[in-house]
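One letter stands for each residue in the lines below.
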Amino acid sequence: MPSPVFNERTMQSAATTWAPPEPSTEYFPPIDDGPTSPWAPPKVAEPMTVNGTVSATAVLFVLLLASAAVGWIQTGSPEVVDVVNGREVYNYSIPTLAWVGVVAGLGLAIFLAFKPHLAKFIAPLYALAQGFFVGAISRMYETFYDGIVVQAAGATIAVFAVMLVLYRTGVIKVTDRFRKIVVSATLGIAVFYGACLLIRLFAGPGSISFLSSPSLLGIGFSVLVAGLAAFNLALDFDFIERGAEQRLDKNFEWYAAFGLLVTIVWLYLELLRLLAKLRER
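Remember, predicted model here, so these are calculated numbers, not experimental data. (Residues numbered from 1 in each chain as written. Predicted model: local features only at pLDDT ≥ 70, side-chain atom pairs only at ≥ 80, totals over all residues. Heavy atoms only, no water.)

A. Main features of the overall build of the chain. For the chain, the count of helices and strands is 8 helices and 2 strands. The order of α-helices and β-strands along the chain, N terminus first, is α-α-β-β-α-α-α-α-α-α. Taken across its 281 residues, the chain has 41% of its residues classed as buried. Contacts in the chain between residues far apart in sequence, at least 24 positions, make up 81% of those at least 6 positions apart. When the accessible area of the chain is evaluated, it comes to approximately 16000 Å², of which 66% is carbon and sulfur surface. (Helix = DSSP H or I, 4+ residues; strand = E, 2+ residues; numbered from the N terminus. Buried < 20%, exposed > 50% of the residue type's maximum accessible area, 1.4 Å probe, protein only. Contact = heavy atoms within 4.5 Å. Areas by Shrake-Rupley, 256 points an atom, 1.4 Å probe, with all protein chains shown as cover.)

B. Layout of the layout of surface pockets. Roughly 390 Å³ of volume is contained in the second largest pocket. Taken together, 17 residues line the second largest pocket, and the ones lying closest to its centre are Phe61, Leu64, Leu65, Ala153 and Tyr268. Considering every element that reaches the lining of the second largest pocket, the biggest residue donor is helix α2 (residues 50–74), with 6 residues. (1 Å grid on protein atoms, 1.4 Å probe; cavity = no way out; pocket = protein on both sides within 12 Å on 5 of 7 lines; lining within 4 Å. Points joined across faces, edges and corners; volume = space filled by probe spheres on them.)

C. How the structure looks around the packing of aromatic side chains. Taken as a whole, this structure holds 12 aromatic pairs when the rule is applied. Here the aromatic rings of Tyr126 and Phe258 are separated by 5.1 Å at their centres, their planes lie at 80 degrees, and the arrangement is edge-to-face. With a gap of 132 residues between them, Tyr126 in helix α4 (residues 119–144) and Phe258 in helix α8 (residues 252–280) connect regions that are remote in the sequence. A relative accessible area of 2% places Phe258 in the buried class. An aromatic cluster is defined as three or more aromatic residues linked by ring pairs; in this entry it consists of Tyr126, Phe239, Phe252, Tyr255 and Phe258. (Phe/Tyr/Trp six-rings, centres within 6.5 Å; stacked < 30°, edge-to-face > 60°.)

D. Fine view of helix α6 (residues 176–203). With 28 residues, α6 should cover 40 Å at 1.5 Å per step; its first-to-last C-alpha distance of 40 Å lies within 8% of that length. The complete set of buried residues in α6 reads Phe178, Arg179, Val182, Val183, Thr186, Ile189, Tyr193 and Cys196. (Expected span 1.5 Å × (residues − 1).)

E. Representation of the environment of Ala153. Mapped onto the elements of the fold, Ala153 is located in helix α5 (residues 148–168). By relative accessible area, Ala153 is classed as partly exposed at 31%. A C-alpha to C-alpha distance of 9.7 Å links Ala153 and Leu267, two positions 114 residues apart in sequence.

F. The arrangement of the pattern of salt bridges in detail. Under the counting rule described, the total for this entry stands at 6 salt bridges. Linking Glu46 and Lys250 is a salt bridge whose minimum nitrogen-to-oxygen distance equals 3.8 Å. Separated by 204 residues along the polypeptide, Glu46 in the loop between α1 (4–16) and α2 and Lys250 in the loop between α7 (216–245) and α8 bring together distant segments of the chain. Residue classification places Glu46 among the partly exposed residues on the basis of a relative accessible area of 46%. Among the ionic pairs, Lys250 bridges to Glu253, the shortest N-O distance being 3.0 Å. By relative accessible area, Lys250 is classed as partly exposed at 27%. Accessibility expressed as a relative area gives 3% for Glu253, which makes it buried. One continuous salt-bridge network, built from bridges that share partners, spans Asp176, Arg179, Asp238 and Arg242. (Salt bridge = Lys/Arg side-chain N within 4 Å of Asp/Glu carboxyl O.)

G. View of unusual backbone geometry. Positive phi values are uncommon outside glycine, yet Arg247 reaches one of about 55 degrees. By secondary structure assignment, the location of Arg247 is in the loop between α7 and α8. Judged by relative accessible area, which is 42%, Arg247 ranks as partly exposed.

Structure follows, in structure tokens:
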């Protein structure tokens, strides 16, 4: 899942490390000890920049794609296990290492939420762990839907470009209200996915069928979640811009790049699922 809530919390925490003290409500007689200079935040050795964040994001994507290529290669072909009503039933197994990557990626993301200054070391590990899973799941979809990976990747790039233009031109403005709505909806989706996972573990994989069903409900849900992932991109853009303006420490370039990577991967996977449903119509 994306990390806008972690980004916002981190932004506020980082900002308060050099914020001026709150004015006291007690009265003290004035002391004249000569001329004073206005307060200014201390300068960091090397501040966060937008270009630095772009470079960090590029490094993470190279690691993600390299790991995804390995995951793609390591994922085999499906096996026919039965024939029902003249249709073949396949058994497709994703490498265990891919699921390990998902769990490891989630653990690293949670750890990084509390230790953002370690993003330079943790974010590359996340890219490698998550990349293997992305490659494996992409190979599975490509096996059943020829050309769907290219379509999903192209759609992800298009959505990213559109959201960037809308943000830069001011069509989408990240206000406090906008941020609260998107973050609340994202947390709601995260809780819903977690509940669905638990239900599937106890009631079987077909207990919540609409998540993968090509019905109007299933397609509508995928459109909703993909749209929410797209709006999370605006939060990431806002965090990067505000972080550069507030001259946060350079380590936050990697944290911002990590947040952007999480959102883009989420968007890609949701678009992959949506396109698969549309192919089934």
